[in-house]
Amino acid sequence: MRRRFFASLFQQLRILWPIFSGVLVVIVGSGALVGWIEGWQLGDTLYFTFVTGLTIGYGDLVPKQTIARVLALVIGLCGIVLTGLIAAASVQALRGADPDRSNSDNAD
(Lines give C-alpha, C1' and ligand atoms only; values in the text may rest on other atoms or scores of the structure.)
Protein backbone atom coordinates (compact mmCIF):
# COMPACT_ATOMS: atom_id res chain seq x y z
CA MET A 1 0.00 0.00 0.00
CA ARG A 2 2.90 2.35 0.76
CA ARG A 3 4.32 1.85 -2.73
CA ARG A 4 0.94 2.55 -4.31
CA PHE A 5 0.59 5.69 -2.19
CA PHE A 6 3.99 7.08 -3.18
CA ALA A 7 3.49 6.14 -6.83
CA SER A 8 0.15 7.93 -6.82
CA LEU A 9 1.58 10.90 -4.91
CA PHE A 10 4.43 11.34 -7.39
CA GLN A 11 1.94 11.08 -10.24
CA GLN A 12 -0.16 13.84 -8.64
CA LEU A 13 2.91 15.99 -8.05
CA ARG A 14 4.04 15.51 -11.64
CA ILE A 15 0.65 16.74 -12.83
CA LEU A 16 0.60 19.70 -10.43
CA TRP A 17 4.28 20.62 -10.85
CA PRO A 18 3.67 23.65 -13.12
CA ILE A 19 1.35 25.13 -10.50
CA PHE A 20 3.72 24.28 -7.64
CA SER A 21 6.68 25.82 -9.40
CA GLY A 22 4.75 28.98 -10.25
CA VAL A 23 3.62 29.45 -6.66
CA LEU A 24 7.15 28.80 -5.40
CA VAL A 25 8.56 31.39 -7.82
CA VAL A 26 6.06 33.96 -6.54
CA ILE A 27 6.92 33.13 -2.91
CA VAL A 28 10.70 33.27 -3.39
CA GLY A 29 10.52 36.34 -5.64
CA SER A 30 8.32 38.22 -3.19
CA GLY A 31 10.59 37.20 -0.34
CA ALA A 32 13.65 38.45 -2.21
CA LEU A 33 11.93 41.79 -2.81
CA VAL A 34 10.98 42.08 0.87
CA GLY A 35 14.56 41.34 1.89
CA TRP A 36 15.91 43.90 -0.57
CA ILE A 37 13.42 46.58 0.52
CA GLU A 38 14.11 45.99 4.19
CA GLY A 39 17.87 45.61 3.74
CA TRP A 40 18.03 42.14 5.31
CA GLN A 41 20.81 39.63 4.77
CA LEU A 42 20.18 36.59 2.57
CA GLY A 43 19.77 34.21 5.52
CA ASP A 44 17.23 36.47 7.20
CA THR A 45 15.38 36.92 3.91
CA LEU A 46 15.09 33.16 3.30
CA TYR A 47 14.09 32.56 6.91
CA PHE A 48 11.38 35.24 6.75
CA THR A 49 10.12 33.96 3.40
CA PHE A 50 9.66 30.37 4.48
CA VAL A 51 8.31 31.17 7.94
CA THR A 52 5.78 33.50 6.35
CA GLY A 53 5.04 31.12 3.46
CA LEU A 54 4.32 28.29 5.86
CA THR A 55 2.08 30.75 7.76
CA ILE A 56 4.00 30.22 10.99
CA GLY A 57 4.93 33.88 11.46
CA TYR A 58 7.15 33.99 14.53
CA GLY A 59 7.32 37.80 14.42
CA ASP A 60 11.06 38.12 14.99
CA LEU A 61 11.50 39.65 11.52
CA VAL A 62 8.78 42.13 10.61
CA PRO A 63 8.72 44.30 7.47
CA LYS A 64 8.41 48.02 8.20
CA GLN A 65 7.71 49.39 4.70
CA THR A 66 4.14 49.30 3.37
CA ILE A 67 5.07 47.60 0.09
CA ALA A 68 7.05 44.96 2.00
CA ARG A 69 4.00 44.27 4.17
CA VAL A 70 1.84 43.84 1.07
CA LEU A 71 4.41 41.43 -0.34
CA ALA A 72 4.36 39.54 2.98
CA LEU A 73 0.60 39.12 2.52
CA VAL A 74 1.23 37.74 -0.98
CA ILE A 75 3.76 35.29 0.47
CA GLY A 76 1.28 34.13 3.12
CA LEU A 77 -1.59 33.69 0.65
CA CYS A 78 0.62 31.77 -1.77
CA GLY A 79 1.76 29.61 1.14
CA ILE A 80 -1.86 28.75 1.91
CA VAL A 81 -2.43 27.83 -1.75
CA LEU A 82 0.71 25.68 -1.78
CA THR A 83 -0.30 23.89 1.43
CA GLY A 84 -3.77 23.26 0.02
CA LEU A 85 -2.36 21.82 -3.19
CA ILE A 86 -0.06 19.49 -1.28
CA ALA A 87 -2.93 18.37 0.94
CA ALA A 88 -5.17 17.76 -2.07
CA ALA A 89 -2.46 15.75 -3.84
CA SER A 90 -1.92 13.68 -0.70
CA VAL A 91 -5.64 12.94 -0.34
CA GLN A 92 -5.85 11.90 -3.98
CA ALA A 93 -2.80 9.68 -3.49
CA LEU A 94 -4.42 8.06 -0.46
CA ARG A 95 -7.58 7.44 -2.45
CA GLY A 96 -5.54 5.93 -5.28
CA ALA A 97 -3.56 3.70 -2.91
CA ASP A 98 -6.62 2.06 -1.35
CA PRO A 99 -7.30 -1.10 -3.40
CA ASP A 100 -10.81 -1.55 -1.96
CA ARG A 101 -11.82 1.99 -2.88
CA SER A 102 -10.39 1.82 -6.40
CA ASN A 103 -12.25 -1.45 -7.07
CA SER A 104 -15.56 -0.04 -5.82
CA ASP A 105 -15.03 3.16 -7.88
CA ASN A 106 -14.56 1.10 -11.03
CA ALA A 107 -17.72 -0.89 -10.29
CA ASP A 108 -19.87 2.26 -10.23
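Computed from a predicted structure; not experimentally measured. (Residues numbered from 1 in each chain as written. Predicted model: local features only at pLDDT ≥ 70, side-chain atom pairs only at ≥ 80, totals over all residues. Heavy atoms only, no water.)

Caption draft 1: Fine view of the overall build of the protein. Within the protein, the secondary structure is distributed over 4 helices and 0 strands. Secondary structure elements of the protein, listed N to C terminal, follow the sequence α-α-α-α. Relative to the globule expectation of 13 Å for 108 residues, the C-alpha radius of gyration of the protein, 18 Å, shows a markedly less compact shape. When the backbone C-alpha atoms are referred to their principal axes, the protein occupies close to 60 × 25 × 25 Å. Counting across all 108 residues of the protein, residues that qualify as buried make up 31%. In the protein, once contacts between residues fewer than 6 apart in sequence are set aside, the share between residues at least 24 apart is 67%. Accessible area of the protein: about 7300 Å², with a carbon and sulfur share of 65%. Across the protein, 8 positive and 7 negative side-chain charges occur, with their mean positions spaced 4 Å apart. (Helix = DSSP H or I, 4+ residues; strand = E, 2+ residues; numbered from the N terminus. Rg over C-alpha atoms; globule rule 2.2 N^0.38 Å. Buried < 20%, exposed > 50% of the residue type's maximum accessible area, 1.4 Å probe, protein only. Contact = heavy atoms within 4.5 Å. Areas by Shrake-Rupley, 256 points an atom, 1.4 Å probe, with all protein chains shown as cover. Lys, Arg positive; Asp, Glu negative; His and termini not counted. Charge placed at Lys NZ, Arg CZ, Asp CG, Glu CD.)

Caption draft 2: Representation of the packing of aromatic side chains. Applying the stated criterion across every chain yields a total of 3 aromatic pairs. Here the aromatic residues Phe5, Phe6 and Phe10 are joined through ring pairs into a cluster of three or more. (Phe/Tyr/Trp six-rings, centres within 6.5 Å; stacked < 30°, edge-to-face > 60°.)

Caption draft 3: Summary view of the packing of helix 2 (residues 42–53) against helix 3 (residues 66–97). Two elements in contact, helix 2 and helix 3, have axes whose closest approach is 7 Å; the angle formed by their N-to-C orientations is 50°. It follows from the interaxial angle that helix 2 and helix 3 lie oblique. Contact residues: helix 2 offers Phe48, Thr49, Thr52 and Gly53, while helix 3 offers Ala72, Ile75, Gly76, Gly79 and Ile80. Among the residues forming the contact of helix 2 with helix 3, the class breakdown is 4 nonpolar, 5 polar and no charged. (Axes fitted to C-alpha atoms, helices over the stretch in contact; angles between N-to-C directions. Parallel < 35°, antiparallel > 145°, perpendicular 65-115°, else oblique. Nonpolar A, V, L, I, M, F, W, Y, C, P; charged D, E, K, R; others polar.)

Caption draft 4: Examining the environment of Thr83 more closely. Tracing the backbone through its elements, the reader meets Thr83 in helix 3. Counting along the chain gives 29 residues from Thr83 to Leu54, while the straight-line C-alpha distance between them is 7.8 Å.

Caption draft 5: Geometry of the layout of surface pockets. Reported here for the largest pocket is a volume of approximately 150 Å³. What lines the largest pocket is a set of 13 residues, among which Phe48, Thr52, Gly57, Tyr58 and Gly59 lie closest to the centre. For the lining of the largest pocket, the per-class residue count stands at 8 nonpolar, 4 polar and 1 charged. (1 Å grid on protein atoms, 1.4 Å probe; cavity = no way out; pocket = protein on both sides within 12 Å on 5 of 7 lines; lining within 4 Å. Points joined across faces, edges and corners; volume = space filled by probe spheres on them.)

Caption draft 6: Representation of the environment of Ile56 within the structure. Note that Ile56 resides in the loop between helix 2 and helix 3. Look at Ile56 and you get partly exposed, because its relative accessible area is 42%. Here the alpha-carbon distance between Ile56 and Gly76, two residues 20 residues apart in the chain, equals 9.2 Å.

Caption draft 7: Structural detail: unusual backbone geometry. Although it is not a glycine, Thr55 sits at a positive phi angle of roughly 55°. Tracing the sequence through the fold places Thr55 in the loop between helix 2 and helix 3.

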